[in-house]
Amino acid sequence: MNGRRFLSIGECMVELSQAGDGLLRKGFAGDTFNTAWYARACLGPDWSVDYFTALGDDAMSDEMAAFIAGAGIGTNLIRRIKGKTPGLYMINLKNGERSFSYWRDSSAARSLAADPDHLREAVESAEVIYFSGITLAILPQEDAATLLSEIRRAKAVGKLVVFDPNIRPRLWSSYDVMHTTISEGARSSVLVMPSFDDEAAHFGDDSIEATIHRYRALGALDVVVKNGADGVNLNFGGEESFVPAEKVEKVVDTTSAGDSFNGAFLARYLETQDAPAAARFAAKVAARVVSEHGALVAKEKLGLRGR
């Protein structure tokens, strides 16, 4: 194993996308896996990137695990559960904007935190832990509480815990549960990376400043607010900065815009500790990603140098 580990926790799913002539193309993706993909593409060889989830014992789970490993992302921490299968989603695209149809209610990933000892071993093995609101939303409430407890332990011992609220109301049993659990996710984290449109729609924030203030008041030391074509606002230890978005000639697919930004930002920030420079780098990567089809854009198309 390499010296430093980036651990991303969540659900990777089977992805079906339009291939033309009524055909569908199969792939694998999911918000926290997408971020792991771009972190791996952008990090140097002194970092390992691992994915923590649960898969079944079927052929599709085997294929997904092989795909993850083929991307250079560690799979040794993945739980395998007898009789379970991965979740599945289909992307519908119109004018570059996406909508999704999901089949995930009985996915293996819903049990990713059901073995507390295994979860603790995974979290303790990493220097950086990344998770999202979707990670929390798919779990039974007691398992979400178990995950948050381990995340808080990691924060307390000085690990970099990163949280993207990635708010998806239909995954939650109620707005109250969603608000409470996402707030707990932020309270358990060092760095929170929300998208302003989500925060305005579901927490009622009337400004980016309000979003930053709310998450810092919960206990996050640092906040990066993504605001699409209007750029990125950062507050690191109380110091504010702004980075404009990169111009994109033609938006093809926004499926992984935020996930790719997060992965690229974290990769550069871990190496430089310069948040504005990391945001500028990530904006360039995200601009490349939205100019291509699919959630996972090959490393050679990202314009990376020396990686």
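The rules behind each value
- Residues numbered from 1 in each chain as written.
- Predicted model: local features only at pLDDT ≥ 70, side-chain atom pairs only at ≥ 80, totals over all residues.
- Heavy atoms only, no water.
- Pairing = 2+ DSSP bridges.
- Helix = DSSP H or I, 4+ residues; strand = E, 2+ residues; numbered from the N terminus.
- Buried < 20%, exposed > 50% of the residue type's maximum accessible area, 1.4 Å probe, protein only.
- Axes fitted to C-alpha atoms, helices over the stretch in contact; angles between N-to-C directions.
- Left-handed = near helix turned anticlockwise from the far one by under 90°.
- Contact = heavy atoms within 4.5 Å.
- Nonpolar A, V, L, I, M, F, W, Y, C, P; charged D, E, K, R; others polar.

(A) Geometry of the sheet that holds strand E1 (residues 4-9). Taken in spatial order, the eight strands line up as E4-E1-E9-E10-E11-E12-E13-E14 in an open sheet, and their pairing is mixed. Each edge of the sheet is formed by a strand with only one pairing partner; in this case those strands are strand E4 (47-52) and strand E14 (239-243). Pairing of E1 with strand E9 (residues 128-132), which is carried by three bridges, proceeds in the parallel orientation. Bridge pairing in E9 places phenylalanine 6 opposite valine 128.

(B) How the structure looks around the pairing of E9. Within E9, five of the five residues are buried, which leaves it mostly tucked inside the rest of the structure. Along E9, one buried face is formed by Val128, Tyr130 and Ser132 and the opposite face, lined by Ile129 and Phe131, is buried too. For E9 and strand E10 (residues 160-164), the ladder comprises five bridges, and the chain directions are parallel. Residue tyrosine 130 lies in a different strand from E10, and its bridge partner there is valine 162.

(C) Quick peek at the packing of helix H9 (residues 257-272) against helix H10 (residues 275-290). Relative to each other, H9 and H10 sit at 145°, their axes nearing to 8 Å. Regarding H9 and H10, the two cross each other, and that crossing is right-handed. Seen from H9, the contacting residues are Ala257, Ser260, Phe261, Ala264, Phe265, Arg268 and Tyr269; seen from H10, they are Ala275, Ala278, Ala279, Phe281, Ala282, Ala283, Val285, Ala286, Val289 and Val290. Of the residues that constitute the contact of H9 with H10, the class distribution is 15 nonpolar, one polar and one charged.

(D) Looking closely at the environment of phenylalanine 196. As for its placement among the helices and strands, phenylalanine 196 is situated in helix H7 (residues 196-203). Discounting residues that sit within four places of it in the chain, phenylalanine 196 has contacts with Asp205, Asp206, Ser207, Ile208, Thr211, Val225, Lys226 and Asn227.

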